[in-house]
Amino acid sequence: MPRVPLSLRCHPQPALSLSLPAQTLSLTGAQTTQLLVEPPWTPPVLWDRVTLTCQGSGSAGATTWYKDGQRWQLQGPDRFRVTESGTYKCYRPGPGLSPPVRVLNDWLVLQVPAQALLEGDTVTLRCRGWQGNPVTSVSFYREEKQLQKFRGGTELSLSPLRLQDSGRYRCRGWVDSIPSWRKESAPVTVTVHDGRLVGGPQWSPQLLLPAVGVSHSGNYSCEVRSEWAAVRKSSARLCVTVRRVPLSGVSVSVQPPGGQVALGDRLVLSCAVATGTGPLSFSWHRGGSWAPLGTGPRLELHHVGDNDRGHYQCRASNGDSVAESVTLNVTVLVPVANATISPAALAHPVRAGDPVTLHCSVQVGSAPVTFTWLHNGHEVARGPLLELGDVHVGHCGTYQCMATNQLGQDGHRVFRAFSPELALTVTPRGHWNTAVAAGVAGSLLFLVLFVGVIVGWHWWHHLASRKHQERAPPEPPAPPEEGEVLYTHVTRTKRMQGPTRTAPPQDTQVTYAELPGPHGRPRAPSDIHGNMLGH
């Protein structure tokens, strides 16, 4: 989250009795242009391959560089490596020119670390020969007063730093070359600060805080001194209070775009805040629930399930305010699967002229689902129903249904499911009548043969029983039981002279006899039988 830049400027105010004007500290809202040096030594030297970076507000690539007071590069880069000695400045639209930085290429140079020096710290000053040539018999001076002389050493250590160590330093020594020369460096200013130093550099009248936070709240003051450090002045304290900017413009982005994802795919949600300051915290919610699904500016679901569909929302907080994003609807597409045709089987064969209707369905699949009918591998119709009407021989073949659904409006992913093939055989109506007649005739013939076999078997069995009875001798009649009637029929014939002939029947007399029943009791009238006696 970018923060608001803050600039403090130290202004001199006229005064009659002082050699230096009084100082005031003011607050400006614009960021100043600064020139950063790498490696961080003051002054920089050419043989260290120095890099200068122009830092400040404005558009990147809109930097104008100046060398020795002349415009050197227009619309140049923000960073470049120095190849020539001289004094450099940079310009950015808005904040203006940066303080100057002088890059030296002298025989002898005294360098100080390019950092703020506080009371109690340790600092090392180094005396260096041109292009790294050795330096001997080195002497260090502060305000023209010799501090120390080294035969072989080239560094001066000040530890611990005291306020009175501030001043202008220089070094002198013999630089090994052909011939050897005794050289003296340019002066370098060392400033020791008391209290908590929050910025610099020492030649700039501005303190730049490019990213202001709540921790920057407090009292600020600035200090100015004369070139020879004979007079020093400090400003009054300025109270700066930094408050967090309320959060607004919370938004959610999603991958894949549109928030539509297939079952089992990966889903990534990202939360961003347009305005607001302070340390931010994020939480993710679904369906209006306050229970967080996750924390942080990013929520990732590696394998999306059907229950992950819903409305997602991001909440951002900086400790002072809370802002919510608009809800993002995430839909989970279930690919089509297990397509089937009903009826699963047709009567074999189907008569020509009969109506046939097929229906296609899927076991699972998110709507909308599209159905396509294939006849012998070629598309013939679309929709869940295939109505063939009165079928004919041309409808014979295999039928298959293809169900599809797609991910996204552009259909960048399409899912398909094929049903098992269904075979359809159509028999012409005339052929069917002949076949039916042949079938009926065959059935009747079989029935006649079956009945004939049964009748023959019964006749044969009856004939066999009769022959058996004729061959067996007659059994003697059983004696009559008491009360049983015996019948006797007598036929009378007369032998005549001449050829034998049977006399015509004559009237006979019938005599009825009543036999006693069991135990001598008379029988019932129905039990009386007649006995015909022939004369």
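For the structure, check the block above.
Residues numbered from 1 in each chain as written. Predicted model: local features only at pLDDT ≥ 70, side-chain atom pairs only at ≥ 80, totals over all residues. Heavy atoms only, no water.

Visitor: Any chance you could break down the sheet that holds strand 4 (residues 41-42) for me, citing the residues and the numbers?
Guide: Sheet architecture is open: 4 strands sit in the order 4-12-14-17, paired in antiparallel fashion. Each having just a single partner strand, strand 4 and strand 17 (155-158) make up the two edges of the open sheet. Taken together, the 2 bridges between strand 4 and strand 12 (residues 108-113) define a ladder with antiparallel strand orientation. Bridging from a neighbouring strand, Trp 41 pairs with Pro 113 of strand 12. (Pairing = 2+ DSSP bridges. Helix = DSSP H or I, 4+ residues; strand = E, 2+ residues; numbered from the N terminus.)

Visitor: Which residues make up the environment of Lys 67, and what values go with them?
Guide: Note that Lys 67 resides in strand 6 (residues 63-67). Among the residues examined, Lys 67 registers a relative accessible area of 15% and is labelled buried. If near-sequence neighbours (up to four positions away) are discounted, Lys 67 is found in contact with Trp 72, Glu 84, Ser 85, Thr 87 and Tyr 88. A polar contact is formed between the side chain of Lys 67 and the backbone oxygen of Ser 85, at a distance of 3.4 Å. (Buried < 20%, exposed > 50% of the residue type's maximum accessible area, 1.4 Å probe, protein only. Contact = heavy atoms within 4.5 Å. Polar contact = N/O pair within 3.5 Å; in protein donor to acceptor, adjacent residues only side chain to side chain.)

Visitor: Please give an account of the packing of aromatic side chains that cites residues and values.
Guide: Aromatic ring pairs are defined here through the distance separating the ring centres and the angle between the ring planes. Here the structure, examined in full by the defined rule, presents 5 aromatic pairs. With 5.3 Å between their ring centres and 50 degrees between their planes, Trp 107 and Trp 130 make a pair best called tilted. Of this pair, Trp 107 sits in the loop between strand 11 (101-103) and strand 12 while Trp 130 sits in the loop between strand 14 (123-129) and strand 15 (135-142), placing them 23 residues apart in sequence. Residue class for Trp 107 comes out partly exposed when judged on its relative accessible area of 36%. Residue Trp 130 is classed as partly exposed on the basis of its relative accessible area, which comes to 28%. Taken together, the ring pairs in this structure connect Trp 65, Trp 72, Phe 80 and Tyr 88 into an aromatic cluster. A cation over an aromatic ring shows up here: Arg 172 above the ring of Tyr 141, its NZ or CZ 4.5 Å from the ring centre. (Phe/Tyr/Trp six-rings, centres within 6.5 Å; stacked < 30°, edge-to-face > 60°. Lys NZ or Arg CZ within 6 Å of the ring centre and 35° of its normal.)

Visitor: Quick one: what's the story with unusual backbone geometry, residue by residue and with numbers?
Guide: Geometrically, the link from Ser 159 to Pro 160 is a cis peptide bond, its omega value of -10 degrees lying close to zero. Secondary-structure assignment places Pro 160 in the loop between strand 17 and strand 18 (167-175). A cis amide bond, omega 0 degrees, links Ala 367 with the succeeding residue Pro 368. If you trace the backbone, Pro 368 turns up in the loop between strand 38 (355-364) and strand 39 (370-375). One non-glycine residue, Gln 131, lies in the positive phi region at around 55 degrees. Take Gln 131: it is sitting in the loop between strand 14 and strand 15. With a phi close to 55 degrees, Asn 376 is a non-glycine residue in the positive phi region. Tracing the sequence through the fold places Asn 376 in the loop between strand 39 and strand 40 (378-382).

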